[in-house]
Amino acid sequence: LRSLLNTLRVSNLDEFTPITKVADFVTLLGTYAQGFTVITDPYPEAEGIYDPTLLLSCLDASLAIRPVFKRYQSVVLTSGTISPLEMYPKILGMTNVVVTESFSITMARKCLCPLIVTHGPDQVPITSRFSLREDPGVVHNYGELLEQLVQTVPDGLVCFF
């Protein structure tokens, strides 16, 4: 489609973004006969509102990572959740696996303290809602929260947003 649009000398390609996405989707469908499934959801948000969703879901991780293995001679995979480790080279179609190592972690003391914080010190809501991610009050409160936690947690912290 992009080649056709370039041949026709279409200057504003942004107008054709929706049809380009459909063409890319259909190209993926035609490229991979196995390992993918199409999921349709005619009413994903609320009943009565017609806003259909069409998803192409990869069911075979080796298809997604194969181009990486072809392009690079050495690939390092790390994860905190890959287990059992010996199974993944087979699933991903990896050859010449040099090292697979799993490190056990022992915790002599309580290390985890999950927190749910809904408001900052100025009572502005702390939220990860997409529409408020760049709100200066929300960003400021996240910064304040992290600064206060870093001052009191002795060995550092890991934060996920």
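Scroll up to find the structure.
Because the structure is predicted, anything quoted here is derived from the model rather than measured.

**Student:** In this structure, what is going on with the side chain of Thr20? I would like to understand it.
**Tutor:** Secondary-structure assignment places Thr20 in helix α2 (residues 17–31). A polar contact is formed between the side chain of Thr20 and the backbone oxygen of Phe16, at a distance of 2.7 Å. Setting aside residues no more than four positions away along its own chain, Thr20 makes contact with Leu1, Arg2 and Leu5.

**Student:** Whenever I open this one, the environment of Thr27 confuses me. Can you help?
**Tutor:** You can see Thr27 is positioned in helix α2. At a separation of 2.7 Å, a polar atom in the side chain of Thr27 contacts the main-chain carbonyl oxygen of Ala23.

**Student:** Help me out: how do you make sense of a nonpolar patch on the surface in this one?
**Tutor:** On the surface, Leu1, Leu4, Leu8, Ile19, Val22, Val26, Leu29, Val38 and Leu54 cluster together to form a nonpolar patch covering roughly 780 Å² of accessible area. Element by element, the count of residues in the nonpolar patch is highest for α2, at four residues. Position of Val26 among the secondary structure elements: in helix α2.

**Student:** Looking at this model, I keep getting lost on the side chain of Ser62. Mind explaining?
**Tutor:** Within the secondary structure, Ser62 sits in helix α3 (residues 61–71). Taking relative accessible area as the criterion, Ser62 reaches 9% and is therefore assigned buried. Separated by 2.7 Å, the side chains of Ser62 and Asp60 make a polar contact. Among all residues touching Ser62, those that are not within four sequence positions of it are Ile91, Leu92 and Gly93.

**Student:** Honestly, the environment of Tyr32 in this entry has me stumped. Any pointers?
**Tutor:** With respect to the helices and strands, the residue Tyr32 is situated in the loop between α2 and β1 (36–41). Each C-alpha atom, one on Tyr32 and one on Cys58, is 9.7 Å from the other, the two residues being 26 residues apart in sequence.

About the cut-offs
Counting from 1, residues in each chain are numbered in the order their sequence is written. For a predicted model such as this one, the threshold for reporting local features is a pLDDT of at least 70, and the threshold for listing and counting side-chain atom pairs is 80 or more; totals across whole chains, interfaces and linings nevertheless cover every residue. Where side-chain values are given, they derive from all heavy atoms of the structure, hydrogens and water being excluded. Labels follow the DSSP assignment, with helices taken as runs of H or I lasting at least four residues and strands as runs of E lasting at least two, numbered in each case from the N terminus. Think of a polar contact as two N or O atoms within 3.5 Å of one another; within protein, one of them needs to be a possible hydrogen donor and the other a possible acceptor, and neighboring residues in sequence only count if both atoms come from side chains. Any two residues whose heavy atoms approach within 4.5 Å are treated as being in contact. In this analysis, a patch consists of residues with relative accessible area above 30% that form no salt bridge, clustered at 9 Å for like charges and at 5 Å for the nonpolar side chains Val, Leu, Ile, Met, Phe, Trp and Tyr. Throughout, the Shrake-Rupley method with a 1.4 Å probe supplies accessible areas, and for residues the shown protein chains are the sole cover considered. Only one rule defines a salt bridge in this text: a Lys or Arg side-chain nitrogen within 4 Å of an Asp or Glu carboxyl oxygen. Burial here depends on accessible area, computed with a 1.4 Å probe over protein chains only, as a share of the maximum for the residue type. Under 20% is buried, over 50% is exposed, and the range in between is partly exposed.

So far we have only geometry, and geometry alone does not tell us how the molecule works.
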